[in-house]
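These are the residues of each chain, in order.
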Amino acid sequence: MNVSRNATAPAPSAPSLKRGFGRRLGEAVTLFPVGLFALVMALGGQGGPARRALRAQPGASAMRVVVHAALTVLLGVLALILAGVIAMGTTRGLFYGFVDSGPYDDSWGGPSKAGAWLAHFGVSVPISAAAIGLLYGLAALHRRLTAPLRGERRPAWVLPTVLLSCVAAALFLVAFVHQLN
């Protein structure tokens, strides 16, 4: 059989790409409970379940597991904020006419209900899409963050990016809460 050395592997099919995308989003949204579980287990002396939750090697030190579990909790809070943005974008954009009963004189796109609905929908779609993209990236960032638990090297940029992202999320949350008043 004559096989070229430059032959490439077949491209993944569309359903497998969708599954992988959905799996990453699911991993990102569950970072908080997984990290909290791992943190409680590690602090309670149950290193095995904590290591399994973080997909760590059995030889990972207890202190390293605790630190990575705490960082996972921080990333999980960021993921929950992004999930909240998606939920709010969906309810206020797609279902705006049901959420706000009017009058629409001071609403974006007002004074008609259709104009306000269309304006809110038009704003929510790109914001929700960006939040979904950030969730996808957050799952990849978490995988790189926990690389030392699996015996792999972590790139130098990962830890500062995680910490900066958490600070940015805290500032966003404070600003959002202040604008509600």
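Placed above this text is the structure.
Quick look at the structure, then.

Calculation notes
Residues numbered from 1 in each chain as written. Predicted model: local features only at pLDDT ≥ 70, side-chain atom pairs only at ≥ 80, totals over all residues. Heavy atoms only, no water. Salt bridge = Lys/Arg side-chain N within 4 Å of Asp/Glu carboxyl O. Helix = DSSP H or I, 4+ residues; strand = E, 2+ residues; numbered from the N terminus. Buried < 20%, exposed > 50% of the residue type's maximum accessible area, 1.4 Å probe, protein only.

1. Some details on the pattern of salt bridges
Opposite charge on two side chains permits pairing when their charged atoms draw close. Considering all chains together, one arrives at two salt bridges under this definition. Arg55 is paired through a salt bridge with Glu27; the nearest N and O atoms lie 4.0 Å apart. Of the two residues, Arg55 is situated in the loop between helix H3 (47-53) and helix H4 (62-94) and Glu27 in helix H1 (residues 14-29); the sequence distance between them amounts to 28 residues. Judged by relative accessible area, Arg55 falls into the exposed class, the value being 58%. Given the relative accessible area of 25%, Glu27 is considered partly exposed. We note a salt bridge from Glu152 to Arg150, for which the minimum N-O separation is 3.5 Å. Given a relative accessible area of 43%, Glu152 falls into the partly exposed group. Overall, the relative accessible area of 23% leaves Arg150 in the partly exposed class.

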